[in-house]
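Notes for the structure review
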Amino acid sequence: MALVLGIESSCDETAASVVADGKRVLSSVIESQVEEHAAYGGVVPELASRSHLRAIQPVVEAALQQAKVEPSELDLLAVTNRPGLLGSLLIGATAAKALAWSWQKPIVGVHHIEAHVYAALMTLEQPCFPYVTLVVSGGHTSLYRSEAADQHVELGSTRDDAAGEALDKAAAMMDLAYPGGPSIQKTAEHGDPKAYSFKRPLLSRDSLEFSFSGLKTALLYRIHGPGGTHGSDWLLPKTEIPNLCASYEQAVVDTLVEKCRRAAAQENIPRLLVGGGVALNRRLRQELQAMGEREGVEIILAPPQACTDNAIMIAGLGHELWRQGRTDDLNLDVSAAG
Ligand code: KG4
Ligand code: ZN
């Protein structure tokens, strides 16, 4: 049995996980900083670094303890080293290198976005490349043609906001809690997705690019009237918030699903991988499955516990790279850009 300790600290979650044989999750510990950043409506990099520093050792210890694994039993340490907030990445990478050195274990650096994709691949007995892949999170909304676990050719990406960012900003407009994705999902449960018609930002007929900023502005003008700004008077009663949430969420979901359908058709690949924080969204999961059934596309979703930032996916991809003989040494560096 191969045991891998994964460590993730690229943004505002400090996470560690022990995974056996690249598939079986023995533990997954996530210390989220959401509450610390909530007051600012987004992640404050300096605060994030300090919180990672406080959390990293207890989180790693808890992951080993919950897995009932001793450091001596580990075969590998895998750590996110790109892309992300530089200060945050440094804390995880430095901790992983120090542990690898003191425990005399190999180490491998993992690409955060590739790991989001791997979260979906981990659910399969045997992957069958190529895939069309959607990574949809707070920082990314991109479609890829995936040729291997670490080979993803971009087909299209967002020209402005990521889908998660569009949800986070919309939630802020409606005074809903940060992060906005889960708040909008919850509030939308009591709303009618057809109450307001938001134009789906599909760009041209064949485009695989995304653009969510127009949708965001459309919501702002719905709330405050044309030319309205955040903080000005509401045109609508606040009791309309559930309807606004459901209609807005539906527009974001429809856009994502349609682009996935197009990508699978254009690439002639009837297999779709989906990962990232927004992949947790219930409406998106349901509508992707429905599209898959309609179009004959196999839909492979990252499991809920591995959608938002976590270390399961880091340990999983780390295991795969190690299996291919691709480890790093203690000079392993971090990179903000990926
Ligand atoms: O993958 P992630 O944890 O971090 C990044 O790498 O960006 O994704 C965070 C994003 C946030 O924008 C959050 O609002 C969104 O995922 N999110 C959701 C849901 N849960 C988290 N969006 C829609 N529905 C959800 N249930
Ligand atoms: Zn992420």
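Only a predicted model underlies this, so the values are computations on that prediction, with no experimental measurement involved.

Put simply, helix α6 (residues 180–188) and helix α8 (residues 241–267) touch, their axes get as near as 8 Å, and they point 115° apart. Pair α6 / α8 crosses with left-handed handedness. Contacts from I184, Q185, T187 and A188 in α6 reach I241, P242, C245, A246, Y248 and E249 in α8. Each residue belonging to the contact of α6 with α8 can be placed in one class, and the counts come to 7 nonpolar, 2 polar and 1 charged.

You can read the domains of the protein as domain 1 (3–117 + 308–323) and domain 2 (128–301). Placing a centre on the C-alpha atoms of domain 1 and another on those of domain 2 gives a separation of 27 Å. The interface of domain 1 with domain 2 comprises 14 residues on the first partner and 15 residues on the second. Together, the buried faces of domain 1 and domain 2 total about 1100 Å²; carbon and sulfur atoms form 75% of this surface. When the area that domain 1 buries against domain 2 is broken down by residue, the three leading residues are I113, H116 and V117, summing to 43%. Linking domain 1 with domain 2 are 0 salt bridges. Here domain 1 is connected to domain 2 by 0 residue pairs in polar contact (both at pLDDT 80 or more). When residues of the side of domain 1 that touches domain 2 are traced back to their parent elements, those giving at least two are α1 (34–38), α4 (112–121) and α10 (312–323). The element that contributes the greatest number of residues to the side of domain 1 that touches domain 2 is α4, accounting for 4 residues.

The next subject is the coordination of the zinc ion (ligand 2). Surrounding the zinc ion (ligand 2) are the protein donor atoms H112 (NE2), H116 (NE2) and D309 (OD), at 2.1 Å. Angles of 92 to 136° at the metal separate the 4 donor atoms of the zinc ion (ligand 2), which places the site in the irregular class. We note that the donor set of the zinc ion (ligand 2) lies within a single chain, spaced as H-x3-H-x192-D. Here D309 lies in the loop between β10 (298–301) and α10 and H112 lies in helix α4, a separation of 197 residues in the sequence. Of the two residues, H112 and D309, both sit in the buried class.

What follows deals with the packing of aromatic side chains. Under the defined criterion, the tally for this structure stands at 3 aromatic pairs. Measuring from ring centre to ring centre gives 5.4 Å for F129 and Y131, while their planes differ by 85°; the resulting arrangement is edge-to-face. An angle of 85° between the planes, with centres 6.0 Å apart, marks the rings of F198 and Y248 as edge-to-face. Highlighted residues: F198 in the loop between α6 and α7 (213–224) and Y248 in helix α8, separated in sequence by 50 residues. Given the relative accessible area of 0%, Y248 is considered buried. One cation-aromatic arrangement involves K259 over F210; the distance from NZ or CZ to the ring centre is 5.9 Å. Here R271 stacks its cationic end above the ring of Y131, 5.7 Å away from the centre of that ring.

Conventions we followed
- Residues numbered from 1 in each chain as written.
- Chains lettered and ligands numbered in written order.
- Predicted model: local features only at pLDDT ≥ 70, side-chain atom pairs only at ≥ 80, totals over all residues.
- Heavy atoms only, no water.
- Axes fitted to C-alpha atoms, helices over the stretch in contact; angles between N-to-C directions.
- Helix = DSSP H or I, 4+ residues; strand = E, 2+ residues; numbered from the N terminus.
- Left-handed = near helix turned anticlockwise from the far one by under 90°.
- Contact = heavy atoms within 4.5 Å.
- Nonpolar A, V, L, I, M, F, W, Y, C, P; charged D, E, K, R; others polar.
- Domains from an automatic or database assignment.
- Buried area = accessible area lost by both parts, 1.4 Å probe.
- Salt bridge = Lys/Arg side-chain N within 4 Å of Asp/Glu carboxyl O.
- Polar contact = N/O pair within 3.5 Å; in protein donor to acceptor, adjacent residues only side chain to side chain.
- Donors = N, O, S within 2.8 Å, 3.2 Å for Na, K, Ca; no water.
- Tetrahedral: all angles 85-135°; square planar, octahedral: opposite > 155°, others 65-115°.
- Buried < 20%, exposed > 50% of the residue type's maximum accessible area, 1.4 Å probe, protein only.
- Phe/Tyr/Trp six-rings, centres within 6.5 Å; stacked < 30°, edge-to-face > 60°.
- Lys NZ or Arg CZ within 6 Å of the ring centre and 35° of its normal.

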